[in-house]
Amino acid sequence: MQNLVATALRYEDSKLYVLDQRRLPAEEFWHDCQDENQLIALIQSLAIRGAPLLGIAATLWVGHCARRGDNATRLTKTIAALRASRPTAVNLMNYLDRLQALLDNGADNTALVADAVAIFNEDVTLCDAMSRHGAALVKPGAKILTHCNTGGLATAGIGTAIGVIITAHRDHKNIKVWVDETRPLFQGGRLTAWEMQNAGVPYQIICDSMAASLMQQGNVDMVVVGADRIARNGDFANKIGTYSLAVLAHYHRVPFYVVAPRTTIDVNCAGGITIPIEQRDANEVRGVSGSFGSFQWAPEQAPVFNPAFDVTPAALVTGWVLDTGVVSPDEVAAGALAYPTD
Ligand code: MRU
């Protein structure tokens, strides 16, 4: 299998390396994946994360197993185990189902490896396409609010919502970005801030609870977010806190865009109500942990509710920025997300 390089994932000399995003921005530590259980643990602990990228990591592992000669029965088991590693981001299921379909149709291991590589390369192209479509929506001088992390750390390419932001910045649109810290795991404050800094995009971190007053003061011109699963009716799951931003944006008449590749659409899902939402460990909310160590401020064993994602109804979305272009609410209502085409 050829070498492949992304910001947080590398396949080099027949080894899969994963950047540990839990340790960013303080430390850049790469894991050398030895087996499927290690990769599943890295996915579940969010060492590797972001809807497209966690799916691509699983895909490359299957490609790696095919390259080393695992048989179809073994590959099917590996695909099933990886497919169950996280429940909400549908890219994981979409990519692995594509590989499983090849196996079911009698494809040989060479074809499987080629398709795993193709999925990686396609994501780079999809990111470029949606970034261009989204950047065209950005007005000069826009103040853009974003949530979670959707950049090179979450994809094989430039990113989804962050791809739009970086492209608009490169287009000299003179933008400024409000980075939601994104409680409880700070994907915004740690990872998006790191990416904004690396790309030279002017930004400020805000606590999630500050978005309302910024909008009230007229300091937000648009909201752009990514997605983990988009239903056929346009409802979508994304990092917890996205729905409240959409409600706020609606109230304040701020355009709210979701940016995602076609691989984030679940054509089997009619509406957001059936999207499975991951519940995570209580300790993520009782305190903080990262490269700085661990600290708990809540009472020992305090009861916690910790859904990792929420669902934003289509009615709150101004437009879906896909690799195929910007899709309007009327087009979504007419079925544009059922089978996205070029
Ligand atoms: O739990 P995470 O960090 O994997 O969640 C990531 C998100 O919610 C992102 O916004 C989403 O995957 C879009 S990534 C391009």
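Keep in mind that this is a model prediction, so the values were computed, not measured.

**A word on the nonpolar core**
Counting 48 residues, the largest nonpolar core has Leu9, Leu39 and Leu60 as its most contacted members. Those elements that provide at least two residues to this core are β2 (9-12), β3 (15-19), α1 (36-44), α2 (51-67), α3 (72-83), α4 (90-104), α5 (109-135) and α7 (187-199). Element by element, the count of residues in this core is highest for α2, at 11 residues. A domain split of this core shows at least three residues from each of domain 1 (4-127) and domain 2 (139-333). Once residues within four sequence positions are removed from consideration, leucine 39 is found in contact with Leu16, Val18, Cys33, Ala57, Ala58, Trp61 and Leu82. Within the second largest apolar cluster, 28 residues are counted, among which are Leu214, Val317, Trp320 and Val332.

**A short note on the pattern of salt bridges**
Inspection of the entire model under this criterion finds 16 salt bridges. Across the pair arginine 22 and aspartate 20 runs a salt bridge, and its minimum N-O distance is 2.7 Å. A salt bridge links arginine 229 to aspartate 266; its shortest N-O distance comes to 2.7 Å. One end of the pair, arginine 229, is in strand β9 (residues 229-230); the other, aspartate 266, is in the loop between β11 (256-259) and α10 (283-286), and 37 residues separate them in sequence. Assessed through its relative accessible area of 8%, aspartate 266 is described here as buried. Because the salt bridges share partners, they merge into one network encompassing Asp20, Arg22, Arg23 and Glu27.

**A few points about empty space enclosed by the protein**
Summary: where empty space remains is shown by rolling a probe the size of a single water molecule over the atoms. Counted according to the given criterion, the structure contains two cavities of 30 Å³ or more. In this structure, the largest cavity occupies an estimated 170 Å³ of space. The wall of the largest cavity is formed by 22 residues, among which Arg49, Gly50, Ala51, Asn149 and Asp228 lie closest to the centre. Elements supplying a minimum of two residues to the lining of the largest cavity: α2 and β10 (236-239). The biggest single contributor to the lining of the largest cavity is α2, with three residues. Partitioning the lining of the largest cavity into residue classes produces nine nonpolar, nine polar and four charged. Each of two domains, domain 1 (4-127) and domain 2 (139-333), supplies a minimum of three residues to the lining of the largest cavity. Looking at the second largest cavity, the residues that line it are Leu46, Pro184, Leu185, Gln187, Lys239, Arg280, Glu284, Asn306 and Ala308.

**As for the side chain of histidine 147**
Structurally, the position occupied by histidine 147 is in the loop between β5 (143-146) and α6 (161-170). Polar contacts involving the side chain of histidine 147 include one to the side chain of aspartate 180, which spans 2.8 Å. In terms of polar contacts, histidine 147 uses its side chain to reach the backbone carbonyl oxygen of isoleucine 240, at 2.8 Å. Those residues in contact with histidine 147 that sit more than four places away from it in its chain are Asp180, Thr182, Asp208, Val224, Val225, Lys239, Ile240, Gly241, Thr242 and Leu245.

**A look at the layout of surface pockets**
Empty space within the largest pocket amounts to approximately 430 Å³. Leu185, Glu284, Val288, Ser289 and Gly290 are, among the 23 residues lining the largest pocket, the residues nearest its centre. Among the elements that make up the lining of the largest pocket, the one with the highest residue count is strand β12 (residues 287-290) (four residues). When the residues that make up the lining of the largest pocket are grouped by side-chain class, the tally is eight nonpolar, nine polar and six charged. Residue-level mapping places the lining of the largest pocket at the junction of two domains, with at least three residues from each of domain 1 (4-127) and domain 2 (139-333).

About the cut-offs
Position numbers for residues count from 1 along each chain, tracking the sequence in the order it is written. Only residues with pLDDT of at least 70 are given local features in this predicted model, and only at 80 or more are side-chain atom pairs given and counted; all residues enter the totals for whole chains, interfaces and linings. To get the side-chain values, all heavy atoms of the structure are used, and hydrogens and water are removed first. The definition of a nonpolar core used throughout is a set of buried Ala, Val, Leu, Ile, Met, Phe, Trp, Tyr and Cys residues joined through side-chain atoms within 4.5 Å. Working definition: with a 1.4 Å probe on protein chains only, accessible area under 20% of the residue-type maximum means buried, over 50% means exposed, and in between means partly exposed. Note on conventions: DSSP H or I runs of at least 4 residues are helices, E runs of at least 2 residues are strands, and numbering of each starts at the N terminus. Annotation comment: domain bounds sourced from an automatic or database domain assignment. Should any heavy atoms of two residues lie within 4.5 Å, those residues are counted as being in contact. One speaks of a salt bridge when a side-chain nitrogen belonging to Lys or Arg is within 4 Å of a carboxyl oxygen belonging to Asp or Glu. Space inside and on the surface of the protein is sampled on a 1 Å grid over the protein atoms alone, with a cavity defined as a set of points where a 1.4 Å probe fits but cannot get out and a pocket as an open set with protein on both sides within 12 Å along at least 5 of 7 lines; lining residues have an atom within 4 Å of a point. Grid points are joined across faces, edges and corners, and a volume is the space filled by probe spheres set on the points. Charged residues are taken to be Asp, Glu, Lys and Arg, nonpolar residues to be Ala, Val, Leu, Ile, Met, Phe, Trp, Tyr, Cys and Pro, and polar residues to be all remaining types, Gly included. Here a polar contact is taken to be a pair of N or O atoms separated by no more than 3.5 Å, where protein atoms must pair a possible hydrogen donor with a possible acceptor and residues adjacent in sequence count only if both atoms sit in side chains.

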